[in-house]
Each structure stands twice: as structure tokens, then as C-alpha cells.
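# Analysis of the macromolecular model
Here is what each chain is made of, one letter per residue.
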Amino acid sequence: HRFCGRCGTPTELNGSERSRTCPRCGLQHFPRLSPAVIVLVTRGEELLLARSPHFAKGVYSTLAGFVEPGESLEEAVAREVHEEVGVTLTGIRYFDSQPWPFPNSLMIGFTAEWAGGDLRPQPGEIEDAAWFDRSHRDALPLLPSPMSIARRLIESFLSSSSRVR
């Protein structure tokens, strides 16, 4: 915000917080965030992992996407998963968050259970998607970096005990 959106005057850094202030009209400008959601989808003892053409060779991860205007985080999770792999969800729950990877982005992590539908990877977005059984950890594909929220989601599920149904 080099210039005030109200009056066009050049803004000044605010020394007490991360914002810029217009010296003419006093309007404060704060950095904008672009929230993104990421979700680990499970189906009993299985986890859903997918491969984007943008990933390093052989790497599979959880599903993610940006939140659209007017959409709740949970609505974004359900929409992104349905668009990217064609399945519906239930039990969407907050997991954790991390800044990602740009200074104006925030990745908000969720877990959810499969409610229905067959995997249909979205052309151009998803090269492959598959269910992996947590009891066959040696059969998992390459996973994202341990520093990522995607990996924390995966590791949390892999290390948790079987759920009582």
C-alpha cells in the first residue's frame, strides 16, 4: 500500500505495528492475506494422497487450494476436494496452520473423512490420486518435506491409533 486507497496520498510506515498510515486522512492499511486450505482426507485406515504436476518427481501430498471470497474455510475444503478428486467429505475439523510459502499467504490445515464418491483426478491439476493404507507405511509414495503442514497432517494420521467406529 504505497498510496492510500481513499485519497491517493503516499502512505508512511507505522512504527508500532505492521501497517502503513495515510498522513492526510489517517486511514490505516494492513497487509492482505490470501488464505489457503489443506486437508488430509481419510477413509477408515486409509489416507488420500494426490500428485500435482507441479510437485517434485514422485511426491504425493494432501489436497489444497485457495479460499474464494465469501466462502468459509470449511466450504473451501469441501469444494477443493470435490473439484480436485471428485469425492465428498464429512467431519471437517481444524488441525493447524502455517505461513505458506509467500509472505501474504496462510495455510490452514484440516482433517476430514470421506463421505462418498469415486476418485476422479481433475485434469491439469491432479496427475494421480489414490488411497493408501496406513498399516503399509513402506508402500507410501514419496511425501512432502517434514517441515510442511502437509507432512504434519500425514504423520499425525500415520502415528495415531486406530479409531473406534
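Structural notes, computed from the coordinates.

Tallying secondary structure elements over the protein chain gives 2 helices and 9 strands in all. When the helices and strands of the protein chain are listed from N to C terminus, the series reads β-β-β-β-β-β-α-β-β-β-α. The C-alpha atoms of the protein chain give 20 Å as radius of gyration, which overshoots the globular expectation for 165 residues (15 Å, by more than 25%). The buried share among the 165 residues of the protein chain stands at 39%. Accessible area for the protein chain stands at about 9,600 Å²; split by element, carbon and sulfur atoms hold 54% of it. The positive charge centre, built from 18 side chains, and the negative charge centre, built from 20, are 7 Å apart in the protein chain.

This brings us to the pattern of salt bridges. Using the criterion set out here, one finds 11 salt bridges in the structure. Here R79 makes a salt bridge to E80, at a shortest N to O gap of 3.0 Å. For R79, a relative accessible area of 15% corresponds to the buried category. One salt bridge in this structure joins R79 and E83, with 3.2 Å as the shortest N-O distance. With R79 and E83 both in helix α1 (residues 73-85), this residue pair falls 4 residues apart, about one helical turn. The network of salt bridges with shared partners includes E68, E71, R79, E80 and E83.

Looking now at the sheet that holds strand β1 (residues 12-13). Pairing is antiparallel across the open sheet formed by 3 strands, whose spatial order is β1-β2-β3. Two strands in the sheet have a free side with no partner beyond their single neighbour: β1 and β3 (28-29). Sheet topology note: the strand β2 (residues 20-21)/β3 ladder contains 2 bridges and is antiparallel. Bridge pairing in β3 places T21 opposite Q28.

The subject of this paragraph is the state of the cysteines. Following the criterion strictly, the structure yields 0 disulfides and no others. Cysteine C22 shares no disulfide, and the gap to the nearest cysteine sulfur, in C7, comes to 3.4 Å.

Right, let's talk about the packing of aromatic side chains for a bit. Summed over all chains, the structure comprises 2 aromatic pairs. Judged by centre distance (6.1 Å) and plane angle (80°), the rings of Y60 and F132 are edge-to-face. Taken as a pair, Y60 in the loop between β5 (46-51) and β6 (63-66) and F132 in strand β9 (residues 128-133) lie far apart in primary sequence, 72 residues in all. Looking at Y60, the relative accessible area reads 12%, which means it is buried. Residue classification places F132 among the buried residues on the basis of a relative accessible area of 16%. Just above the ring of W114 sits the side chain of R43; from NZ or CZ to the centre is 5.4 Å. Taking NZ or CZ as reference, R134 lies 4.0 Å from the ring centre of F157, over its face.

Cut-offs applied
Residues numbered from 1 in each chain as written. Predicted model: local features only at pLDDT ≥ 70, side-chain atom pairs only at ≥ 80, totals over all residues. Heavy atoms only, no water. Helix = DSSP H or I, 4+ residues; strand = E, 2+ residues; numbered from the N terminus. Rg over C-alpha atoms; globule rule 2.2 N^0.38 Å. Buried < 20%, exposed > 50% of the residue type's maximum accessible area, 1.4 Å probe, protein only. Areas by Shrake-Rupley, 256 points an atom, 1.4 Å probe, with all protein chains shown as cover. Lys, Arg positive; Asp, Glu negative; His and termini not counted. Charge placed at Lys NZ, Arg CZ, Asp CG, Glu CD. Salt bridge = Lys/Arg side-chain N within 4 Å of Asp/Glu carboxyl O. Pairing = 2+ DSSP bridges. Disulfide = S-S within 2.5 Å. Phe/Tyr/Trp six-rings, centres within 6.5 Å; stacked < 30°, edge-to-face > 60°. Lys NZ or Arg CZ within 6 Å of the ring centre and 35° of its normal.

All quantities given are derived from atomic positions and should not be read as evidence of function.
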